[in-house]
Amino acid sequence: MAARPILCLLGSKAFVGFRWSSVCVFGESGRRYETTVARKWTLAKQWEGEPQLSDFRVIEEPVTLSSNAKEILIEAIYLSVDPYMRIENIDMGATIMGEQVARIKASNTPRFPTGGLVLANVGWRTHTAVPDPDKEELFGPVVRPLPDFGGLSPSLAIGCLGMPGMTGYFGLLDRCQPQAGETVLVSGAAGAVGSIVGQVAKVQGCTVIGSAGSKEKCDWLQELGFDHVFNYKEKSVDEALTEMAPDGVDIYFDNVGGDFTYDVMKSHMKFNGRIAICGAIAQYNAWERERSTTMFIIDKQLNIKGVYVPAYNNRYYEFVAQMSQWIREGKLSTKKQSPMDLRTCRTLLCRFSEDRISGRLLSGLPNPTRTLRTTLNSQMAFV
């Protein structure tokens, strides 16, 4: 049941792809089960600091839909690539974690009809047999039927209409409760979460300041409607905020941690300011001891709340309805990048520290059971 290599042409470029073979297995009472060869990405060895391509391994295995009354067989269309995966993927030999938008290839339950699209938390796999799609895990059900996006791309389900979007949406609106006229600072603003936070803050009538690490990212944030942006590598936090928020910051949405957050708390938060702690990009590769921010929190009576997106699983469809409406109304923008080369998933996870990457990254697998190639096409996050 191995994949058969073929040579195919796409425009002026040639790709080595694979045509996946399927076989039929007959069980009790002559029932027909379809077996498909799946590819999954696993951790070959734990990386130290920056992950390398050699830290990953691709494994092939047969996947069969059984007679389980709930079981479904799904095929990945898009895979997510997130910075937090650098610290979460620690089990040797386990499938690399991540979300995917998938199509149901076969099903034993009418709740998940064949051909339907779903959001699945099954990691970096081309095909998966899911015994209990409704089983609750950290980020909700293992498999969730995609709602009607009103003509928008299904890839948004792992972008602005998925976990990153929910994090930014509820992290700002529920945890910080912004009011029109307030000043909102977003660090890591060109990321999948930060770019949503800034745009939602603008919808709420706030003045929004965003920081990023390259000119390209800063230019993009201006296109999204941020009032002020600065490259933290060229302008210090103190210099930027003294100029852009002379009266101080009401809300700080923290995606980076480290010295950046220390400087914001020390000199630029207003009395009774609100802070949402969402991420720590600056420390994902090297956990360094932070300078203490305790005295700033006490002296300014800052209100600091963590952002934990699984707490909002039961509000997913409410979130999708509002966000998709804002997208159709032109209040929120989405973005994607042109297709890239082979083995994209592993490459992108290794490249998150590069300043040219913005938004959430995802990889599209163009239907590996039918098309002429299974090269991974990465697309910049549909933020």
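Residues numbered from 1 in each chain as written. Predicted model: local features only at pLDDT ≥ 70, side-chain atom pairs only at ≥ 80, totals over all residues. Heavy atoms only, no water.

*Asks:* Could you give an account of the confidence of the model for the protein chain, naming the residues involved and the relevant values?
*Replies:* For the protein chain, per-residue confidence averages 78 on the pLDDT scale, and residues scoring 70 or more make up 72% of the total. Contacts from residues 352-360, a stretch scored under 50 in pLDDT, to residues over four places away or in other chains number 46 contacts. Low confidence marks residues 366-383, where pLDDT is under 50. Its contacts with residues over four positions away, or in another chain, come to 100 contacts. (pLDDT = per-residue confidence, 0-100. Contact = heavy atoms within 4.5 Å.)

*Asks:* So what's going on with the sheet that holds strand 17 (residues 269-277)? Residues and values would help.
*Replies:* What holds strands together in a sheet is hydrogen bonding between their backbones, with the strands either parallel or antiparallel. Strand order across the open sheet formed by 6 strands is 15-14-13-16-17-18, with parallel pairing between neighbours. Single-partner strands in this sheet number two, and they are strand 15 (228-231) and strand 18 (303-306). Here the strands of the sheet are splayed against their neighbours by 15° on average, with no regard to which way each runs. The pairing of strand 14 (residues 207-212) with strand 15 spans 4 bridges and is parallel. Bridge pairing in strand 15 places Ile-209 opposite His-228. (Pairing = 2+ DSSP bridges. Helix = DSSP H or I, 4+ residues; strand = E, 2+ residues; numbered from the N terminus. Axes fitted to C-alpha atoms, helices over the stretch in contact; angles between N-to-C directions.)

*Asks:* Would you mind going over the nonpolar core in detail, with residue names and values included?
*Replies:* A general tendency of soluble globular proteins is for nonpolar side chains to be buried together. Ranked by internal contacts, the top residues of the largest apolar core, which has 48 residues, are Phe-149, Leu-172, Leu-221, Tyr-316, Phe-319 and Met-323. Sorting the residues of this core by element identifies strand 6 (72-81), helix 2 (163-173), strand 13 (183-186), helix 3 (192-203), strand 14, helix 4 (215-224), strand 16 (249-254) and helix 8 (316-328) as the ones contributing at least two each. Top element by residues in this core is helix 8. It accounts for 6 residues. Those residues within four positions of Phe-149 in sequence are excluded, and the remaining contacts are Pro-154, Leu-156, Ala-157, Leu-161, Tyr-316, Val-320 and Arg-328. Of all hydrophobic cores here, the second largest spans 19 residues; its members include Ala-245, Tyr-252, Phe-260 and Met-269. (Core = buried A, V, L, I, M, F, W, Y, C linked by side-chain atoms within 4.5 Å. Buried < 20%, exposed > 50% of the residue type's maximum accessible area, 1.4 Å probe, protein only.)

*Asks:* Which residues make up the side chain of Glu-71, and what are the values?
*Replies:* Relative to the helices and strands, Glu-71 resides in the loop between strand 5 (56-64) and strand 6. At 2.5 Å, the side chain of Glu-71 forms a polar contact with the side chain of Ser-66. (Polar contact = N/O pair within 3.5 Å; in protein donor to acceptor, adjacent residues only side chain to side chain.)

*Asks:* Mind laying out the environment of Asn-121, listing which residues take part and the relevant values?
*Replies:* Relative to the helices and strands, Asn-121 is located in the loop between strand 8 (117-120) and strand 9 (127-130). Along the backbone, Asn-121 and Gly-140 are 19 residues apart, and their C-alpha atoms lie at a distance of 8.6 Å. Setting aside chain neighbours within four positions, we find Asn-121 in contact with Gly-98, Glu-99, Glu-137, Phe-139, Pro-141 and Val-142.

*Asks:* Report on the packing of aromatic side chains, specifying residues and quantitative values.
*Replies:* Counting across every chain of the model gives 10 aromatic pairs. Consider the rings of Tyr-169 and Phe-319, whose centres lie 5.5 Å apart with planes at 65°: the pair is edge-to-face. On the criterion of sequence distance, the pair formed by Tyr-169 in helix 2 and Phe-319 in helix 8 is long-range, its members being 150 residues apart. For the pair Tyr-169 and Phe-319, a shared accessibility class is recorded, and that class is buried. (Phe/Tyr/Trp six-rings, centres within 6.5 Å; stacked < 30°, edge-to-face > 60°.)

*Asks:* I'd like a description of the pattern of salt bridges, backed by residues and values.
*Replies:* Enumeration over the complete set of coordinates arrives at 13 salt bridges. A salt bridge links Glu-61 to Arg-125; its shortest N-O distance comes to 2.8 Å. Of this pair, Glu-61 sits in strand 5 while Arg-125 is found in the loop between strand 8 and strand 9, placing the two residues 64 residues apart along the sequence. The exposure class assigned to Glu-61 is partly exposed, which follows from its relative accessible area of 23%. Here Glu-329 and Lys-331 are joined by a salt bridge, their closest N and O atoms 3.4 Å apart. Salt bridges sharing partners connect three or more residues here, namely Lys-40, Glu-61 and Arg-125. (Salt bridge = Lys/Arg side-chain N within 4 Å of Asp/Glu carboxyl O.)

*Asks:* Report on the pairing of strand 14, specifying residues and quantitative values.
*Replies:* The buried fraction of strand 14 amounts to 5 of the 6 residues, a majority that puts the element mostly inside the structure. As judged from the 4 bridges shared by strand 13 and strand 14, these two strands associate in the parallel manner. Looking at strand 14, one finds that Val-184 is bridged to Val-208.

*Asks:* Outline unusual backbone geometry, listing residues and values.
*Replies:* Phi at Gln-177 takes a positive value of approximately 45°, unusual for a residue other than glycine. Mapped onto the fold, Gln-177 is located in the loop between helix 2 and strand 13. The residue Gln-301 is not glycine, and still its phi comes out positive at about 50°. Within the secondary structure, Gln-301 is located in the loop between helix 7 (294-299) and strand 18.

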